[in-house]
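# What the coordinates show
Below, each chain spelled out in residue letters.
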Amino acid sequence: MMEQKSEKRNLSEDDKISPIRIRNLSVTYRTEPALWNVDVDFPEGKMIAIVGPNGAGKSTLIKAIMGLVPITAGKVSVYDKSYSKQRSKVAYVPQRGSVDWDFPTDALDVVEMGLYGKLGWLRRPNSQTRQKARECLAQVGLEDYADRQIGQLSGGQQQRVFVARALAQDPQIYLMDEPLNGVDAVTEDTILSILENLKKEGKTIVMVHHDLQTVDKYFDWVVMLNRSLVATGPIKQVFTKDNLDRTYQESPRMSI
Ligand code: ADP
Ligand code: MG
């Protein structure tokens, strides 16, 4: 239902280009849809949680934004353009289990790789990118671990390295898949205070989050997902018992 706009209403708020706009998005891997007809506008400069049960399509939603999974139907735009035109504005912190830690590379290398996209194909990493990567490692409290093999770091430290890598990219939008899952308290605090500062700079943070107890403490906005969208909006209005029941009910909603 469309609301009649009052004349006094600030139109610029309404007309703002959404950092990420998702329309009628469906993703089917095999036969069953993992996402069904999802519409979301992510607001700028907010901490946004994506919540929902296992298999709800949370990771799929994040990946679909970046074109990492085939989109069956619908459209994603990043600041009103396709992701491929906007990739430098987006950094991704993948879910931890999805990364091969046997890969022989140290923490500083991982962070520096975040800068390759900015350099273009012809330019090589140099002392400047090295320095930038060191600064980002320092920001996550790992300046002393630059030379450590990534596989030799604790889970929380690995997660912080990936946050440092995202910071090095200097994006407008952070897409993070359960970065706080299974990490120690120091890591959780470090990541949250960094994100808090990024938010103050106007960055948009989208995070898959598993801990329902901390949603209202950490986030401004929520996307409640169970294959189809259950609800989205400001925490205070949307993160209700009723919506939680609908999100976590046993059989996912498949109706349109
Ligand atoms: P969540 O992150 O909410 O736990 P996912 O997005 O990982 O959910 O998965 C949603 C559904 O899609 C699950 O049923 C999962 O098994 C399936 N799925 C995810 N990735 C793939 C894939 N690459 N191939 C086939 N099925 C997949
Ligand atoms: Mg997931």
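Structure's up top.
Now for a quick tour of the structure.

Each value, and the rule that gives it
- Residues numbered from 1 in each chain as written.
- Chains lettered and ligands numbered in written order.
- Predicted model: local features only at pLDDT ≥ 70, side-chain atom pairs only at ≥ 80, totals over all residues.
- Heavy atoms only, no water.
- Helix = DSSP H or I, 4+ residues; strand = E, 2+ residues; numbered from the N terminus.
- Expected span 1.5 Å × (residues − 1).
- Buried < 20%, exposed > 50% of the residue type's maximum accessible area, 1.4 Å probe, protein only.
- Pairing = 2+ DSSP bridges.
- Near = heavy atom within 4 Å.
- Polar contact = N/O pair within 3.5 Å; in protein donor to acceptor, adjacent residues only side chain to side chain.
- Areas by Shrake-Rupley, 256 points an atom, 1.4 Å probe, with all protein chains shown as cover.
- Axes fitted to C-alpha atoms, helices over the stretch in contact; angles between N-to-C directions.
- Contact = heavy atoms within 4.5 Å.

### So, helix H6 (residues 155-169)
- For H6, spanning 15 residues, the distance from its first C-alpha to its last is 22 Å, which sits close to the expected 21 Å at 1.5 Å a residue.
- Burial analysis of H6 places 13 of its 15 residues in the buried class, the great majority of the element.
- Following H6 by one or two positions, aspartate 170 adopts a phi angle in the positive range, close to 50 degrees.

### Overview of unusual backbone geometry
- In this model, tyrosine 79 sits at a positive phi of 45 degrees, which is unusual for a non-glycine residue.
- For tyrosine 79, a relative accessible area of 16% puts it in the buried group.

### Details of the pairing of strand E8 (residues 221-226)
- Burial runs high along E8: 6 of the 6 residues are buried.
- Alternating positions in E8 separate into two faces, Trp221, Val223 and Leu225 on one and Val222, Met224 and Asn226 on the other, with burial throughout.
- The pairing of strand E3 (residues 47-51) with E8 spans 4 bridges and is parallel. Paired with valine 51 across the two strands is methionine 224, which belongs to E8.
- What sits between the antiparallel neighbours E8 and strand E9 (residues 228-234) is a turn of 1 residue, in which arginine 227 has the positive phi angle 70 degrees.

### Some details on the site of ligand 1
- In the vicinity of ligand 1, the contacting residues are Tyr29, Arg30, Ala34, Pro53, Asn54, Gly55, Ala56, Gly57, Lys58, Ser59 and Thr60.
- Between ligand 1 and the protein, one listed contact pairs an oxygen atom with a backbone N or O atom of glycine 57 at 3.0 Å.
- When ligand 1 sits alone it has 560 Å² of accessible area, and the protein chains cover 60% of it.
- Sort the elements by how many residues they give to the shell around ligand 1 and helix H2 (residues 58-65) lands first, with 3 residues.

### Side note on the sheet that holds strand E1 (residues 20-28)
- On the basis of which strands lie adjacent, the open sheet formed by 3 strands has the order E2-E1-E4 and antiparallel pairing. Taken across any chain shown, the strands that pair with only one partner, and hence form the sheet edges, are strand E2 (33-42) and strand E4 (73-78). Strand-to-strand, the axes of this sheet are offset by a mean angle of 15 degrees, without reference to chain direction.
- Strand contacts of H2: E1, E2 and E4, with the helix running at about 120 degrees to E1, the strand carrying the most contacts.

### Some remarks on helix H7 (residues 185-200)
- Helix length check: H7 (16 residues) gives 23 Å between terminal C-alpha atoms against 22 Å at 1.5 Å per residue, within 8%.
- Taken residue by residue, H7 has Thr187, Glu188, Thr190, Ile191, Leu192, Ile194, Leu195 and Leu198 as its buried positions.
- In this structure, the buried residues of H7 make contact with E3, helix H5 (127-139), H6, strand E6 (173-177), strand E7 (204-208) and helix H8 (215-218).
- A positive backbone phi angle near 95 degrees is found at glycine 202, which sits one or two residues after H7.

### Considerations on the sheet that holds E8
- Sheet architecture is open: 6 strands sit in the order E5-E6-E7-E3-E8-E9, paired in mixed fashion. What marks the edges here is a single partner per strand, and that holds for strand E5 (90-93) and E9. Within the sheet, the average angular offset between the axes of one strand and its neighbour, ignoring direction, is 15 degrees.
- Across 4 bridges, E3 lies against E7 in parallel orientation. Bridge pairing in E7 links alanine 49 to methionine 207.
- The strands that H6 touches are E5 and E6; relative to E5, the one it contacts most, it runs at about 175 degrees.
- In this fold helix H10 (residues 241-248) packs onto E3, E8 and E9, with an angle of close to 35 degrees to the strand it touches most, E8.

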